[in-house]
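Letter by letter, the chains look like this.
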Amino acid sequence: MILHRTRATGLAALATCTAALLALGGCAGQQSLSDMPGLADVRPLGPDGQKCFDFCASSEVACKDMCPEGGDFVGECHTDCLTDTKYCLADCPNLQRPEPAPKN
């Protein structure tokens, strides 16, 4: 069964996620943002992984929907949404992540 959320519910979920990310800012450890995987880089494993992946994907869509249309701020807003998604995925269990690149 697929549940459809109203816009208000989606915005509330996004606000809750954002507040949690701000409160737990150090969750991703010392990994740099550019090294963190995004939605296209991970694969959910099992129902817990799928649930968390879907939540992060829905949050990203809701975030981008709130970005203003036109102007210079649109690019910054979308970048902020992608950043929030990467931190959201960092807290997800049961995701297959890409192997880290070797550091030279």
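Caption draft 1: The arrangement of the pattern of salt bridges in detail. Enumeration according to the criterion identifies one salt bridge in this entry. Across the salt bridge formed by Lys64 and Glu60, the nearest N and O atoms sit 3.2 Å from each other. Placement of both Lys64 and Glu60 in helix α2 (residues 46-66) is noted, with a separation of four residues, approximately one turn of the helix. Owing to a relative accessible area of 27%, Lys64 belongs among the partly exposed residues under this scheme. For Glu60, a relative accessible area of 12% corresponds to the buried category.

Caption draft 2: Region of interest: the state of the cysteines. Inspection of every chain in the model, using the stated rule, returns four disulfides. Between Cys63 and Cys81 runs a disulfide, and the two sulfur atoms are separated by 2.0 Å. Disulfide Cys63-Cys81: the torsion about the S-S bond is -80 degrees, which places it as left-handed. Here Cys63 is found in helix α2, whereas its partner Cys81 is found in helix α3 (residues 73-90), with 18 residues between them in sequence. With respect to burial, Cys63 and Cys81 carry one shared label: buried. Across the disulfide, Cys67 is cross-linked to Cys77 (sulfur-sulfur distance 2.0 Å). Torsion about the S-S bond of the Cys67 and Cys77 cystine: about -85 degrees, corresponding to left-handed handedness. A residue pair is termed long-range when its members are at least 10 positions apart, and Cys67 in the loop between α2 and α3 and Cys77 in helix α3 qualify at ten residues. Judged by relative accessible area, which is 7%, Cys67 ranks as buried.

Caption draft 3: Up close: the nonpolar core. Of all hydrophobic cores here, the largest spans eight residues; its members are Val42, Cys52, Phe53, Cys56, Cys88, Leu89, Cys92 and Leu95. Every element with two or more residues in this core is listed here: α2 and α3. Top contributing element to this core by residue count: α2, with three residues. Every residue in contact with Val42, bar those within four places of it in the chain, is listed here: Pro37, Phe53, Leu89, Leu95, Gln96 and Arg97.

Caption draft 4: How the structure looks around the packing of α2 against α3. At a minimum axis distance of 9 Å, the contact between α2 and α3 shows a crossing angle of 165 degrees. Looking at the two axes, α2 sits roughly antiparallel to α3. Crossing of α2 over α3 shows right-handed handedness. Between α2, through Phe53, Phe55, Cys56, Glu60, Cys63 and Lys64, and α3, the contact on the second element is made entirely by His78, Cys81, Leu82, Thr85, Cys88 and Leu89. When its residues are assigned to classes, the contact of α2 with α3 shows eight nonpolar, two polar and two charged.

Definitions and limits used
- Residues numbered from 1 in each chain as written.
- Predicted model: local features only at pLDDT ≥ 70, side-chain atom pairs only at ≥ 80, totals over all residues.
- Heavy atoms only, no water.
- Salt bridge = Lys/Arg side-chain N within 4 Å of Asp/Glu carboxyl O.
- Helix = DSSP H or I, 4+ residues; strand = E, 2+ residues; numbered from the N terminus.
- Buried < 20%, exposed > 50% of the residue type's maximum accessible area, 1.4 Å probe, protein only.
- Disulfide = S-S within 2.5 Å.
- Core = buried A, V, L, I, M, F, W, Y, C linked by side-chain atoms within 4.5 Å.
- Contact = heavy atoms within 4.5 Å.
- Axes fitted to C-alpha atoms, helices over the stretch in contact; angles between N-to-C directions.
- Parallel < 35°, antiparallel > 145°, perpendicular 65-115°, else oblique.
- Left-handed = near helix turned anticlockwise from the far one by under 90°.
- Nonpolar A, V, L, I, M, F, W, Y, C, P; charged D, E, K, R; others polar.

By themselves, these are just geometric observations and shouldn't be taken as functional.
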